[in-house]
Amino acid sequence: MPNNFRHDPSSLQHLTGSVERVTFHSEATGFFVVRAKVAGHRDLVTVTGNTPAITTGEYIECQGVWFNDVNHGMQFKTHQVKTIIPTTQEGMEKYLGSGMVKGIGPGFARRLVRFFGDAVFDVIERHPERLLTLSGIGKKRQQQITAAWAE
């Protein structure tokens, strides 16, 4: 499919789901390939498109078309994508544990979400001193987490 290929806007479909795995993302071009959990689909769906950043655990809302790639099979090619920080605790754990925030791996993300619950992002962003109330977090780790979050 040529890069300048355009679809009739009436043929665009809407897709929403949660990013389960980022297979590829180019910081230079924004091109991404992700595997997403989408309602109505038993298996994960391959979604491609362009966005400055995309992370495991985020929710995506896309406008695009289904496309059968000769080498990679059926995928949803987005023309417009909106990423949304997760609101479920499972999504928060995946998001924080994705490696995006230095100092937080999958296990520690689980501890953070279990301890702070739905307020975990608010704690990191607006009340980082509360991180010190969780055992295993000292001032150095707290500063590392808040600095990485700010980036």
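Residues numbered from 1 in each chain as written. Predicted model: local features only at pLDDT ≥ 70, side-chain atom pairs only at ≥ 80, totals over all residues. Heavy atoms only, no water.

1. Some words on the overall build of the protein chain
Step number 1: Per the secondary structure count, the protein chain includes four helices and five strands.
Step number 2: Along the protein chain, helices (α) and strands (β) appear in the sequence β-β-β-β-β-α-α-α-α when read from the amino end.
Step number 3: Along the first, second and third principal axes, the C-alpha set of the protein chain runs to 55 × 35 × 25 Å.
Step number 4: By the burial criterion, 37% of the 151 residues in the protein chain qualify as buried.
Step number 5: Long-range pairs, those at least 24 residues apart, make up 49% of the contacts in the protein chain with a sequence separation of at least 6.
Step number 6: When the accessible surface of the protein chain is summed, it comes to about 9000 Å², and 49% of that surface belongs to carbon and sulfur atoms.
Step number 7: The centroid of the 17 positive side-chain charges in the protein chain is displaced by 6 Å from the centroid of its 14 negative side-chain charges. (Helix = DSSP H or I, 4+ residues; strand = E, 2+ residues; numbered from the N terminus. Buried < 20%, exposed > 50% of the residue type's maximum accessible area, 1.4 Å probe, protein only. Contact = heavy atoms within 4.5 Å. Areas by Shrake-Rupley, 256 points an atom, 1.4 Å probe, with all protein chains shown as cover. Lys, Arg positive; Asp, Glu negative; His and termini not counted. Charge placed at Lys NZ, Arg CZ, Asp CG, Glu CD.)

2. Structural notes on the side chain of Glu58
Step number 1: Within the secondary structure, Glu58 sits in the loop between β3 (45–50) and β4 (59–69).
Step number 2: This buried residue, Glu58, is left without a salt bridge; Lys82 holds the nearest opposite charge, at 12 Å.
Step number 3: Within the local environment of Glu58, its side chain forms a polar contact with the backbone nitrogen of Thr55, the two atoms lying 2.7 Å apart.
Step number 4: Look past the residues within four positions of Glu58 in its chain and what remains in contact with it is Gly17, Ser18, Val19, Ala53, Thr83, Ile84, Pro86 and Tyr95. (Salt bridge = Lys/Arg side-chain N within 4 Å of Asp/Glu carboxyl O. Polar contact = N/O pair within 3.5 Å; in protein donor to acceptor, adjacent residues only side chain to side chain.)

3. Some thoughts on the environment of Glu129
Step number 1: Mapped onto the elements, Glu129 comes out in the loop between α3 (120–126) and α4 (139–150).
Step number 2: Relative accessible area serves as the criterion here: at 45%, Glu129 is assigned to the partly exposed category.
Step number 3: Along the chain, Glu129 and Gln143 lie 14 residues apart, while their C-alpha atoms are 9.3 Å from each other.

4. Some thoughts on the packing of helix α1 (residues 89–96) against helix α2 (residues 106–116)
Step number 1: In the contact formed by α1 and α2, the axes pass within 8 Å of each other and the chain directions differ by 140°. Crossing geometry of α1 relative to α2 is assigned as right-handed. Residues Gln89, Met92, Glu93 and Leu96 of α1 form the contact with α2, whose own contacting residues are Ala109, Arg110 and Val113.
Step number 2: The residue makeup of the contact of α1 with α2, split by class, is four nonpolar, one polar and two charged. (Axes fitted to C-alpha atoms, helices over the stretch in contact; angles between N-to-C directions. Left-handed = near helix turned anticlockwise from the far one by under 90°. Nonpolar A, V, L, I, M, F, W, Y, C, P; charged D, E, K, R; others polar.)

5. Describing α4
Step number 1: With 12 residues, α4 ought to run about 16 Å at 1.5 Å a step, and its terminal C-alpha atoms sit 16 Å apart, in line with that.
Step number 2: The set of residues buried in α4 consists of Gln142, Ile145, Ala148 and Trp149. Each buried residue of α4 lies within a common arc of 135° when the element is viewed along its axis, so the set occupies one face. Turned more than 90 degrees off the buried face of α4, the exposed positions are Lys140 and Ala150.
Step number 3: Residues of α4 that are buried in the fold lie against α1, α2 and α3. (Expected span 1.5 Å × (residues − 1). Arc of directions from axis to C-beta.)

Fair warning: the whole summary comes from geometry, so function is off the table for now.
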